[in-house]
Amino acid sequence: MLEGLTFAALLVGAVLLDGLVRPRPGPVFRLSGRSMAGLWLASWLMIALFGLFLALCGNFPLSAGLALALLALLVLASNAKHAMLGEPLLFSDLALIGAIFRHPQFYLSAISVGQRTAAGVVTIILVAMLAWLFVPEWQAHLAGMLVLLGSLAILAATMRSAPFRDIAATPDAHADVRRHDFLPTLLLYWLRWRESADPPPCPDIDRHPASALLATPELLLVVQCESFADPADLFDGPDIRLPGLSGAREKAWQWGQLEVSGFGAYTMRTEYGVLFGRSEDALGFRRYDPFLTALGEASYALPARLKAAGWQSLFVHPHDMRFYGRDRIMPAGGFADLVGEEHFAPVAAGSGRYVTDAALAEKIASLAREAVEPSLIYTVTIENHGPWAPDMPSGGDLVQSYLRLVRNSDAMLTTLLDQLAVLQRPALLVFFGDHRPSIPGATAPGGERHTPYVMMRLDGSGAIVRGDNRRVDLTPAGLHHAMLDIVLGTPAATLRADTAIHPAEQAPAAAFPATVAAASGQTSGAG
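It should be emphasised that the depicted structure is a prediction, and the values quoted were computed from it without experimental measurement.

Moving on to the overall build of the protein. When you go through the protein residue by residue, the secondary structure sums to 20 helices and 11 strands. Restricting the contact set of the protein to residue pairs at least 6 apart, pairs at least 24 apart contribute 76%. For the protein, the exposed surface amounts to about 23,000 Å²; the carbon and sulfur share of it is 62%.

The subject of this paragraph is the nonpolar core. Core analysis: the largest hydrophobic core is formed by 49 residues, its most contacted members being Leu-220 and Tyr-378. Broken down by element, the residue count for this core peaks at six residues, all from helix α19 (residues 476–488). Contact partners of Tyr-378, with chain neighbours within four places excluded, come to Val-222, Gln-224, Glu-271, Val-274, Leu-275, Leu-314, Phe-315, Val-316, Phe-335 and Phe-432. Counting residues in hydrophobic clusters, the runner-up holds 44 residues, among them Val-339, Val-399, Leu-420 and Met-456.

For the peptide bond that leads from Arg-22 to Pro-23, omega is 5 degrees, which places it in the cis range. Considering the arrangement of structural elements, one finds Pro-23 in the loop between α1 (2–18) and α2 (36–57). Although it is not a glycine, Ser-227 adopts a positive phi angle of roughly 55 degrees. Considering the arrangement of structural elements, one finds Ser-227 in the loop between β1 (219–225) and α11 (231–234). Overall, Ser-227 belongs to the buried group, its relative accessible area being 1%. Positive phi, close to 65 degrees, is recorded for Tyr-324, a residue that is not glycine. Note that Tyr-324 resides in the loop between β3 (312–316) and α16 (326–332).

Over its 23 residues, helix α7 (residues 138–160) extends 33 Å from the first C-alpha to the last, a length consistent with the 33 Å expected when each residue adds 1.5 Å. Those residues of α7 lying buried are His-141, Gly-144, Leu-148, Ser-151, Leu-155, Thr-158 and Met-159.

Closest axis-to-axis distance for the helix α13 (residues 267–276)/α19 pair is 6 Å, and the angle between their directions is 30 degrees. Taken as axis vectors, α13 and α19 run roughly parallel relative to one another. Between α13 and α19 lies a crossing whose hand is right-handed. The segment α13 lies against α19, with Thr-270, Gly-273, Val-274, Leu-275 and Phe-276 engaging Pro-476, Ala-477, Leu-479, His-480 and Met-483.

What follows is about the environment of Gln-424. With respect to the helices, strands and loops of the structure, Gln-424 is situated in the loop between α18 (398–423) and β6 (427–433). Each C-alpha atom of the pair Gln-424 and Asp-459 lies 7.3 Å from the other, and the pair is 35 residues apart in sequence. When residues no more than four places from it in sequence are discounted, the contact partners of Gln-424 are Gly-460, Ser-461 and Gly-462.

Their axes nearest at 8 Å, the elements α2 and helix α10 (residues 182–195) cross at an angle of 90 degrees. Between α2 and α10, the angle is such that the two are roughly perpendicular. On α10, the residues that touch Gly-38, Leu-41, Ala-42, Leu-45 and Met-46 of α2 are Leu-183, Pro-184, Leu-187 and Leu-188. Its residues assigned to classes, the contact of α2 with α10 shows eight nonpolar, one polar and no charged.

Another aspect to go through is the side chain of Arg-425. Considering the arrangement of structural elements, one finds Arg-425 in the loop between α18 and β6. A residue is classified by how much of its surface remains accessible, and Arg-425, at 15% relative accessible area, is buried. There is a polar contact of 2.7 Å between the side chain of Arg-425 and the backbone oxygen of Ala-371. Once residues lying within four places of it in the same chain are set aside, the contact partners of Arg-425 are Glu-218, Leu-219, Ala-368, Ala-371, Val-372, Glu-373, Leu-458, Asp-459 and Gly-460.

Take the packing of aromatic side chains next. Within this structure, the stated rule accounts for 13 aromatic pairs. Centre to centre, the rings of Phe-91 and Trp-193 are 5.5 Å apart; their planes meet at 45 degrees, and the pair counts as tilted. In this pair, Phe-91 sits in helix α4 (residues 91–94) while Trp-193 sits in helix α10, placing the two residues 102 residues apart along the sequence. Across this residue pair, the class does not change: Phe-91 and Trp-193 are buried. Here the aromatic rings of Phe-315 and Phe-335 are separated by 5.3 Å at their centres, their planes lie at 70 degrees, and the arrangement is edge-to-face. Pair noted here: Phe-315 is in strand β3 and Phe-335 is in the loop between α16 and β4 (337–339), with a separation of 20 residues, a long-range link. Residue Phe-315 shares its accessibility class with Phe-335, and that shared class is buried.

Going through the model one piece at a time under the given rule, you end up with one cavity of 30 Å³ or more. Here the largest cavity defines a volume of roughly 40 Å³. Forming the walls of the largest cavity are Leu-221, Ala-365, Ala-368, Arg-369, Leu-416, Gln-419, Leu-420 and Leu-423. Going through the elements one at a time, α17 (357–370) and α18 are the ones with two or more residues in the lining of the largest cavity. With four residues, α18 is the single largest residue contributor to the lining of the largest cavity. Split by residue class, the lining of the largest cavity holds six nonpolar, one polar and one charged.

When pLDDT is averaged along the protein, the result is 86, and 86% of the positions lie at 70 or above. This model gives residues 494–501 a pLDDT under 50, and the stretch forms 13 contacts once residues within four places in sequence are excluded. Contacts for the low-pLDDT stretch residues 506–527, under 50 throughout, to residues beyond four places or in other chains number 41 contacts.

Once that is clear, we can look at the pattern of salt bridges. Applying the stated criterion across every chain yields a total of 14 salt bridges. Note that Arg-269 is salt-bridged to Glu-87, the shortest N-O span being 2.7 Å. With Arg-269 in helix α13 and Glu-87 in the loop between α3 (60–85) and α4, this pair connects stretches of sequence that are 182 residues apart. This pair shows no difference in class: Arg-269 is buried, exactly as Glu-87 is. The partner of Asp-230 in a salt bridge is Arg-249, with the nearest N and O atoms 3.1 Å apart. Placement of the pair is Asp-230 in the loop between β1 and α11 and Arg-249 in helix α12 (residues 243–251), with a sequence separation of 19 residues. Residue classification places Asp-230 among the buried residues on the basis of a relative accessible area of 11%.

Analysis parameters
- Residues numbered from 1 in each chain as written.
- Predicted model: local features only at pLDDT ≥ 70, side-chain atom pairs only at ≥ 80, totals over all residues.
- Heavy atoms only, no water.
- Helix = DSSP H or I, 4+ residues; strand = E, 2+ residues; numbered from the N terminus.
- Contact = heavy atoms within 4.5 Å.
- Areas by Shrake-Rupley, 256 points an atom, 1.4 Å probe, with all protein chains shown as cover.
- Core = buried A, V, L, I, M, F, W, Y, C linked by side-chain atoms within 4.5 Å.
- Buried < 20%, exposed > 50% of the residue type's maximum accessible area, 1.4 Å probe, protein only.
- Expected span 1.5 Å × (residues − 1).
- Axes fitted to C-alpha atoms, helices over the stretch in contact; angles between N-to-C directions.
- Parallel < 35°, antiparallel > 145°, perpendicular 65-115°, else oblique.
- Left-handed = near helix turned anticlockwise from the far one by under 90°.
- Nonpolar A, V, L, I, M, F, W, Y, C, P; charged D, E, K, R; others polar.
- Polar contact = N/O pair within 3.5 Å; in protein donor to acceptor, adjacent residues only side chain to side chain.
- Phe/Tyr/Trp six-rings, centres within 6.5 Å; stacked < 30°, edge-to-face > 60°.
- 1 Å grid on protein atoms, 1.4 Å probe; cavity = no way out; pocket = protein on both sides within 12 Å on 5 of 7 lines; lining within 4 Å.
- Points joined across faces, edges and corners; volume = space filled by probe spheres on them.
- pLDDT = per-residue confidence, 0-100.
- Salt bridge = Lys/Arg side-chain N within 4 Å of Asp/Glu carboxyl O.

Structure follows, in structure tokens:
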């Protein structure tokens, strides 16, 4: 009887905990509107967790408690992420567990001190209980193993059945969490991701030669600026204009909004779109962390495309290149050399936690001066990475801390333009923000997510060439293709249902209308 009540409490507790996961339509628990498929999957996932813990400790009530505790921890993490970044916890986040321990400052800021303390206390209590209530009899452990294997077998058979093959067929995390529950969405999205295949190698594209009236760039400097956003889009108040950005927009070859998908994080999504040029529609479930599968898509990378035209490429980032696997992905994508944190002097006391944008601008200018062949220098900045700590000179105001650092980034844009002009070589400078900042109490997910970008073109005398002050709003993948069009010429392919302008963004033919929009990368062309 006790074991039956414990098992019932396990399933009821799982339903109640799942009802706390954001997003949810109700103010407290989300007990209605659930799909039967989601309830079925959630039940067997919890039974599988129960079986795992029973196999480990042999204690029936403790195993149920541990399964619920693990679910509660996941719910806590998911809700903290949703409050900070506007997304529930996804399968791709679990791939970053190792990075949390190597770079805790990037992640733990999303969890309050109280939540971290509570999680630590609960963990200590659970470990102590596990040691104290461990059951040595092998029969209980064997029963747990049988429950685990049986549950996994039922889940595997369920996912192969016809009714479940079409569940969560397209990525929409918010809608799927609301409808199918949290744990089932984690499972379903992981399975859909595993089912996705690498695209065929990037095809060669016939291109119209660039105009003879303007020299083709010999230098392509791309700066992916950490948390760079126009303060006027984020805050109200005087003196928040960025002079460098404003001046660049006035003289730009092209400028506009970069329609990034992440808020407050997910640098890799924007970085992948700009470097590899594949839209999120084409990526499908790979969109949540495209770096996990980037090695299978290396032929689409910008340096690989430019290499065929005789270009060399450098990747610059003053941080550990193992983060996001850049040490493997970037060479596979065609970068001849990586300029990492070892190429920069240690950060001076009082200069912040990371290499400054001023030091980075100096390094980029030096590399540009040394470049003999046509060269791509792709740079990822880090000075303005959150959290914006209250011990900065702003006296504890996080917004002022952010503004101080974003002005440093703005000054970097001006410095690079000045340094490029001195070189007197045809050049293209592309400067953009990877995502907006998530600043507690000041910015929040749920609204606009765009960041600014500018494309500055210089001729052989170092003079800036205006592009009629054109504004074109782009996706990150669209920015990739805009750069290729300037450097290599515009595609000559005829637009057809099976071959879009940019095959790198091609999705299944059935989705052709969306594919065309994604291929152009343009969401507006005002200006």
